[in-house]
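# Structure at a glance
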Amino acid sequence: MAALALIPAGLLGWAATPAAAAPACGTDPIVGDVNGDGHAEAVVGEPFNADGAGATHLFYGTQAGLVADPSGTARNDQYFTQDSAGVPGASEHNDLFGISSVLADFNGDGCSDLAIGSPGENSDSGMVVVLYGSPTGIRTVGAQSFTENSLFGAGSSRSSEQFGRELSFGDLNDDGVADLVVGAPGEVSAGATSAAGGGVAVIYGHAGGLGKGATPSVLITQASPGVPGVPESFDSFGTALATGDFDGNGVADLAVGVPGEDAFRGIVQILPGKKGAGVGALAAHTYSQDTPGFLGVAEPRDGFGSALAAGRVTADRYDDLAIGAPGENGTLTPAGPHIAIGAGAVSFVRGSATGLTASHNQIWSQDSPGVTGVAGPTDQFGASLAMAMLDNGPLLDLAIGTPNDSIGSTRSAGSVTVLLGAASGLTTAGEGGIRFDQSMQGIAGVPESGDGFGLSVAAPLIQTPDEGSLLIGVPGETINGVSQSGMFTQLQTFEFGPNPIGSRSFDAGSPGVQGGRGSNDLFGFDVN
């Protein structure tokens with residue numbers, strides 16, 4: 001998820017050996033299922049908690065939805081800060097612990113593990129903390145922490161590189177264990193003294209823990225062999241990340257958003273994965289709105305590549321890629337390396353035997369036929385994306401966050417649009433094109449300026465193993481007079497798509513949720 005207008009002004013290693021393996025969670029695990037009960041969990045970041053020290057919440061899934069039950073009949077919210085026992089580091093001003101997170105099984109035991117980004121650590125050089133899952137939940141015993149110094153040698157970490165600003169995962173070396181991908185959009189390339197163009201690190205999974213296997217961790221920038229382009233200040237290579245098998249060869253590939261490239265026009269680069277070697281061994285490919293056959297035109301301030309989501313939308317054997325350009329048709333100059341403000345658009349690009357292809361690509365906005373709403377000049381349609389099965393069909397669908405969308409006469413309240421998957425690509429047929437917002441019956445709250453409804457979106461398999469539950473972050477929500485304390489909503493899983501009736505909403509003051517409401521904490525800034 002790209003950092004957007006809600007961010008307050010001024011924002012822009014192994015630490016231990018994993019403990020002996022806990023009992024396995026299962027032989028057919030669900031991604032995001034920490035304790036092996038068949039239901040994925042949800043991670044919610046509160047990165048500006050305690051003056052920017054940050055916090056992360058883990059909510060447990062059930063057939064009825066997420067729970068935080070103080071009565072003891074279900075798991076409560078697991079709450080982590082860098083002051084929690086066993087969590088590496090210490091809570092410090094502007095660490096931004098929890099601004100990014102991901103759940104994946106990094107040691108192959110069937111239990112998903114929790115990786116948390118802390119890009120403000122040590123003068124914004126950044127750090128990532130990994131906590132391992134077990135049948136009893138996330139444990140801090142055996143936690144790991146990674147910095148560029150611990151991965152690539154002393155002096156590798158530099159201030160303002162923001163290692164951990166974005167996280168993703170995928171099996172990029174085809175060994176059957178998930179690998180951790182870490183974005184560092186302020187990365188300064190080796191040997192350079194300036195031109196912080198950004199970078200991406202990959203830490204490979206293994207039964208003994210991340211980084212314990214034969215495939216060495218790698219740091220890739222636009223100065224790396226086989227990667228087109230050169231590092232330039234504010235390129236922000238690594239702002240957005242996604243993995244998918246775009247060429248159908250059985251090995252996941254890595255998509256990297258570079259939204260600041262070429263005066264914020266933006267590009268996406270695909271780093272192909274390779275069995276036994278991972279990424280970096282094969283030449284990368286570059287795509288933009290100026291790629292022959294792509295719909296749209298690359299323009300300054302589009303921010304193409306600010307958000308990414310990958311998965312199999314069409315009925316073939318190739319994964320597809322959705323690309324957010326939240327600055328499309330905008331008039332404002334970006335205020336920083338991660339910010340693009342415009343009406344917004346989303347490009348949908350299909351996979352093929354040769355990788356991503358211009359054939360049958362699509363571009364979507366709130367001006368597209370069948371999409372609810374009207375494109376406004378600062379809506380930021382496409383600022384966040386999530387690809388998952390959101391109805392009972394066999395194909396993946398796409399949720400699109402528009403955090404500055406106007407709802408009625410209320411400006412910058414936010415919304416989320418769902419497009420359904422089809423053999424021809426994304427569609428508004430059936431329940432496709434519907435827009436969810438806080439004016440709808442069943443969704444908590446009311447539209448208010450600055451709520452940021454949709455700044456983050458996700459769709460883990462919380463209620464059933466074959467249909468995602470749509471999570472929507474509302475980090476700007478003011479609750480009981482506490483300004484921008486934040487909240488998130490889980491829409492009820494339903495046969496025809498997400499259902500606002502029966503939705504559940506949580507904030508830092510909800511029963512069973514640990515911590516407490518604080519002004520400008522932005523609970524819900526990140527959901528996964």
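In this report, the structure presented in the accompanying data block is examined. What you see is a predicted model, and the numbers here were worked out from it, not measured in a lab. Numbers given to residues run from 1 along each chain, matching the order in which its sequence is written. Where totals are concerned, whole chains, interfaces and linings use all residues; where local detail is concerned, this predicted model gives features only for residues with pLDDT of at least 70, and gives and counts side-chain atom pairs only at 80 or more. Excluded from the side-chain calculations are hydrogens and water; all other atoms, namely the structure's heavy atoms, are used.

### Re the overall build of the protein chain
- Put simply, DSSP marks the helices as runs of H or I at least four residues long and the strands as runs of E at least two long, and each gets a number from the N terminus on. Within the protein chain, the regular secondary structure consists of four helices and 29 strands.
- Overall, the C-alpha framework of the protein chain stretches about 55 × 55 × 45 Å when taken along its three principal axes.
- Relative accessible area decides the class of each residue, using a 1.4 Å probe on protein chains only: under 20% of the type maximum gives buried, over 50% gives exposed, and in between gives partly exposed. Here the protein chain holds 528 residues, and 63% of them are scored as buried.
- Of the roughly 17300 Å² of accessible surface on the protein chain, 53% is carried by carbon and sulfur atoms.
- Within the protein chain, the 54 negative side-chain charges are centred at a point lying 3 Å from the centre of the 16 positive side-chain charges. The protein chains shown are the only cover counted for residues, whose accessible areas, like all others here, come from Shrake-Rupley with a 1.4 Å probe. His is not counted, nor are the chain ends, whereas Lys and Arg count as positive and Asp and Glu as negative. Taken as the charge centre is NZ of Lys, CZ of Arg, CG of Asp or CD of Glu, depending on the residue.

### Overview of the pairing of strand E13 (residues 253-258)
- The buried count for E13 comes to six of six residues, which makes it a mostly enclosed element.
- Going residue by residue along E13, you find Asp253, Ala255 and Gly257 tucked away on one face and Leu254, Val256 and Val258 tucked away on the opposite face as well.
- For two strands to count as paired, DSSP must find a minimum of two bridges between them. Two elements, strand E12 (residues 240-244) and E13, share five bridges in a ladder whose sense is antiparallel. Paired with Ala242 across the two strands is Ala255, which belongs to E13.

### What to know about unusual backbone geometry
- Phi angles above zero are rare outside glycine, and Ala50 is one such case at about 55°.
- Relative to the elements of secondary structure, Ala50 occurs in helix H1 (residues 49-52).

### Topic: the pattern of salt bridges
- By definition, a salt bridge exists where a carboxyl oxygen of Asp or Glu is found within 4 Å of a side-chain nitrogen of Lys or Arg. Enumeration over the complete set of coordinates arrives at six salt bridges.
- When the shortest N-O distance is used, the salt bridge between Asp405 and Arg435 registers 2.8 Å. Taken together, the positions of Asp405 in the loop between strand E21 (397-402) and strand E22 (415-422) and Arg435 in strand E24 (residues 434-436) put the pair 30 residues apart, joining distant regions of the chain. Comparing Asp405 with Arg435, the two get one shared label, buried.

### Some details on the side chain of Thr56
- Summarising the element assignment, Thr56 is placed in strand E2 (residues 55-59).
- When checking whether two residues touch, look at their non-hydrogen atoms; a contact exists if any pair is within 4.5 Å. Apart from the residues within four sequence positions on either side, Thr56 is in contact with Val43, Val44, Gln78, Tyr79, Phe80, Phe97, Gly98 and Ile116.

### Things to note about the pairing of strand E18 (residues 345-350)
- Counting buried positions over the six residues of E18 gives six, a clear majority of the element.
- Where burial is concerned, the two faces of E18 agree: the one with Ala345, Ser347 and Val349 and the one with Val346, Phe348 and Arg350 are both buried.
- Sheet analysis places strand E17 (residues 320-325) next to E18, joined by five bridges and oriented antiparallel. The partner of Gly324 across the bridge, within E18, is Val346.
- Bridge count for E18 against strand E19 (residues 357-364) is four bridges, and the pairing is antiparallel. In the sheet register, Arg350 faces E19, and the bridge partner there is Thr357.
- Hairpin geometry of E18 and E19 is characterised by an intervening segment of six residues between the two adjacent antiparallel strands and by a positive phi of about 100° at Gly355.

### With respect to the packing of aromatic side chains
- Here is the rule: rings of Phe, Tyr and Trp (six-membered ring for Trp) pair when centre to centre is within 6.5 Å. Planes less than 30 degrees apart are stacked, more than 60 are edge-to-face, and the remainder are tilted. A complete count under the given rule lists seven aromatic pairs for this structure.
- Where Phe59 meets Phe506, the ring centres are 5.2 Å apart and the plane angle is 45°; that geometry is what we call tilted. Here Phe59 is found in strand E2, whereas its partner Phe506 is found in strand E28 (residues 499-507), with 447 residues between them in sequence. In this pair, the class of Phe59 matches that of Phe506, namely buried.
- Here the aromatic rings of Phe488 and Phe523 are separated by 6.1 Å at their centres, their planes lie at 35°, and the arrangement is tilted. Here the residue Phe488 occupies a position in strand E27 (residues 487-492), and Phe523 occupies one in the loop between E28 and strand E29 (526-527), the gap between them amounting to 35 residues.
- Residue classification places Phe488 among the buried residues on the basis of a relative accessible area of 0%.

### Considerations on the environment of Gly512
- Its location among the elements puts Gly512 in the loop between E28 and E29.
- For Gly512, a relative accessible area of 17% puts it in the buried group.
- Not counting the four nearest positions on each side in its chain, Gly512 is found in contact with Ala68, Pro70, Asn76 and Asp77.

### Details of the side chain of His39
- The topology assignment puts His39 in the segment before strand E1 (42-46).
- Within 3.5 Å is the distance limit for a polar contact, defined as a pair of N or O atoms, with the added protein rule that one can donate a hydrogen and the other accept it, and that residues adjacent in sequence qualify only through two side-chain atoms. A polar atom in the side chain of His39 sits 2.8 Å from the backbone oxygen of Ile462.
- Contact partners of His39, with chain neighbours within four places excluded, come to Asp33, Gly61, Thr62, Gln63, Leu461, Ile462 and Gln463.

### Here's the deal with the sheet that holds E29
- Read from one edge to the other, the open sheet built from four strands follows the order E3-E2-E1-E29, with strand pairing classed as antiparallel. Each of the sheet's edge strands pairs with one partner strand only, and the pair in question is strand E3 (78-80) and E29.
- One ladder, built from two bridges, connects E1 with E29; its direction is antiparallel. Pairing of Gly45 across the sheet is with Asp526, part of E29.

### A closer look at the sheet that holds strand E25 (residues 456-458)
- Pairing is antiparallel in the open sheet, where four strands are placed in the order E25-E26-E27-E28. Here the strands that pair on one side only, and so sit at the sheet edges, are E25 and E28. Neighbour-to-neighbour, the strand axes of this sheet turn through a mean angle of 20°, independent of strand direction. Fitted lines through C-alpha atoms serve as axes, helices being fitted only where they are in contact, and the angles separating the N-to-C directions of these axes extend from 0 to 180 degrees.

### A short note on the environment of Ala353
- Following the sequence through the fold, Ala353 ends up in the loop between E18 and E19.
- Residue Ala353 is classed as exposed on the basis of its relative accessible area of 53%.
- When the C-alpha atoms of Ala353 and Tyr318 are compared, they prove to be 7.6 Å apart, with 35 residues separating the residues in sequence.
- Aside from chain neighbours lying at most four places away, what touches Ala353 is Asp247 and Tyr318.

### Topic: the environment of Pro272
- Within the element layout of this structure, Pro272 appears in the loop between strand E14 (267-271) and strand E15 (285-287).
- Classification of Pro272 by relative accessible area gives buried; the value is 10%.
- Separated by 13 residues in sequence, Pro272 and His285 have C-alpha atoms that sit 8.4 Å apart.
- When neighbours within four sequence positions are excluded, Pro272 is seen to be in contact with Asp253, Gly278, Val279, Gly280, Leu282, Ala283, Ala284 and His285.

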